[in-house]
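Single-letter residue listing:
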Amino acid sequence: LPLIILNIHIIKNKLKKLENLEVSNQFEVKTFVSNFHLFLHALLVLIFIIIIPIFFVKINYKDYKGIFYFFVLIAITVAGIYELLKILKNKKYSLNIDSREIALLYNKNEMKSIKIEKINFINFYDKKSKRGVRSNIPTIEIFDSEKNIFAEMNIKTSDYILLKKYFKKYEVLVNDKFNRL
């Protein structure tokens with residue numbers, strides 16, 4: 001119980017510091033990827049890669065059930081590798097904010113940029129799982145004047161507060177469905 005109270009106290013202090021934070025004209029917001037989830041994905045893919053040869057040796061080729069399970073195991077491994085590569089790719093995205101211009105970067109190279117005047121609105125939300133459980137990771141969507149998505153990415157809570165203040169400073173319409181603080 002004292003650890004929980006201490007943790008709550010630390011979080012409250014961080015939030016107070018973030019609320020008093022002045023928004024600078026130039027900063028970078030990186031995509032949030034949980035290292036824990038990244039480690040779990042890599043570990044599961046590694047386990048499935050190790051299990052495939054073992055299962056291949058022990059399979060009974062006269063039984064269709066064993067062959068079916070073998071192909072299902074390969075399909076799950078391929079899907080896991082695809083998801084792991086997608087997570088690693090998403091980790092390379094970032095937003096570079098320079099006064100009145102926002103640039104979407106991939107691997108430190110600019111992909112596209114938008115002026116603050118051409119932003120229609122910003123949407124903050126948290127993703128829900130299929131079971132209805134809400135995550136604590138804010139997601140930002142930036143819509144341009146034609147209502148196309150300029151960028152969508154998961155961000156840290158501290159970046160959420162910083163971006164919210166930044167867009168409030170420039171009077172951009174913000175739809176905040178995250179609002180967990």
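Here the structure is a predicted model, which means the values were calculated and not measured. (Residues numbered from 1 in each chain as written. Predicted model: local features only at pLDDT ≥ 70, side-chain atom pairs only at ≥ 80, totals over all residues. Heavy atoms only, no water.)

Would you take a moment to explain the packing of helix 2 (residues 35-58) against helix 3 (residues 64-90) for this structure?
To characterise two packed helices, one gives the angle between the axes of the helices and the distance between these axes. Interaxial distance between helix 2 and helix 3 falls to 9 Å at its minimum, and their mutual angle equals 155 degrees. The angle between helix 2 and helix 3 places the two elements in the roughly antiparallel class. As helix 2 packs across helix 3, the resulting crossing turns out to be left-handed. Residue composition of the contact of helix 2 with helix 3, by class: 18 nonpolar, 4 polar and 1 charged. (Axes fitted to C-alpha atoms, helices over the stretch in contact; angles between N-to-C directions. Helix = DSSP H or I, 4+ residues; strand = E, 2+ residues; numbered from the N terminus. Parallel < 35°, antiparallel > 145°, perpendicular 65-115°, else oblique. Left-handed = near helix turned anticlockwise from the far one by under 90°. Nonpolar A, V, L, I, M, F, W, Y, C, P; charged D, E, K, R; others polar.)

Would you take a moment to explain the packing of aromatic side chains for this structure?
Under the criterion given, the structure shown has 11 aromatic pairs. Ring centres of Phe-55 and Phe-70 lie 6.3 Å apart, and the angle between their planes is 10 degrees; this geometry places the pair in the stacked category. Of this pair, Phe-55 sits in helix 2 while Phe-70 is found in helix 3, placing the two residues 15 residues apart along the sequence. Look at Phe-124 and Tyr-160: their rings are 5.0 Å apart centre to centre, the planes differ by 85 degrees, and that puts the pair in the edge-to-face class. Here the residue Phe-124 occupies a position in strand 5 (residues 119-128), and Tyr-160 occupies one in helix 4 (residues 157-169), the gap between them amounting to 36 residues. As far as the burial class goes, Phe-124 and Tyr-160 line up, both buried. (Phe/Tyr/Trp six-rings, centres within 6.5 Å; stacked < 30°, edge-to-face > 60°. Buried < 20%, exposed > 50% of the residue type's maximum accessible area, 1.4 Å probe, protein only.)

Would you take a moment to explain the sheet that holds strand 7 (residues 149-154) for this structure?
Strand pairs in the sheet, formed through backbone hydrogen bonds, run parallel or antiparallel to each other. On the basis of which strands lie adjacent, the open sheet formed by 4 strands has the order 7-6-5-8 and mixed pairing. Unpaired on one side and paired on the other, strand 7 and strand 8 (174-176) mark the two borders of the sheet. Here the strands of the sheet are splayed against their neighbours by 15 degrees on average, with no regard to which way each runs. (Pairing = 2+ DSSP bridges.)

It is not clear to me how helix 4 should be interpreted in this structure. Could you clarify?
At 3.6 residues per turn, the α-helix brings residues three or four places apart onto the same side. An ideal rise of 1.5 Å per residue puts 18 Å on 13 residues; helix 4 measures up with 18 Å between its terminal C-alpha atoms. Every buried residue of helix 4 is listed here: Asp-159, Tyr-160, Ile-161, Leu-162, Leu-163, Tyr-166 and Phe-167. Backbone geometry just after helix 4 places Glu-171 at a positive phi near 55 degrees. (Expected span 1.5 Å × (residues − 1).)

Would you mind going over unusual backbone geometry with me for this structure?
Most peptide bonds adopt trans geometry, and most residues besides glycine take a negative phi value. A positive phi angle, close to 45 degrees, is found at Ser-99, a residue other than glycine. Checked against the element boundaries, Ser-99 lands in the loop between strand 2 (93-98) and strand 3 (101-106). Assessed through its relative accessible area of 31%, Ser-99 is described here as partly exposed. Positioned with a positive phi, Glu-171 is a non-glycine residue whose angle comes to about 55 degrees. Mapped onto the elements, Glu-171 comes out in the loop between helix 4 and strand 8. In this structure Glu-171 comes out as exposed when scored by relative accessible area, which is 73%.

Which parts of the structure should I look at to understand the pattern of salt bridges?
Within this structure, the stated rule accounts for 3 salt bridges. The closest approach of N and O atoms between Glu-83 and Lys-86, which form a salt bridge, is 3.5 Å. Of this pair, Glu-83 and Lys-86 both sit in helix 3, 3 residues apart, roughly one helical turn. Under the relative-accessibility criterion, Glu-83 is labelled partly exposed at 31%. One salt bridge connects Lys-164 with Asp-176, and the closest N-O pair in it is separated by 2.7 Å. Note that Lys-164 is positioned in helix 4 and Asp-176 in strand 8, a separation of 12 residues in sequence. Given a relative accessible area of 30%, Lys-164 falls into the partly exposed group. Under the relative-accessibility criterion, Asp-176 is labelled partly exposed at 22%. (Salt bridge = Lys/Arg side-chain N within 4 Å of Asp/Glu carboxyl O.)

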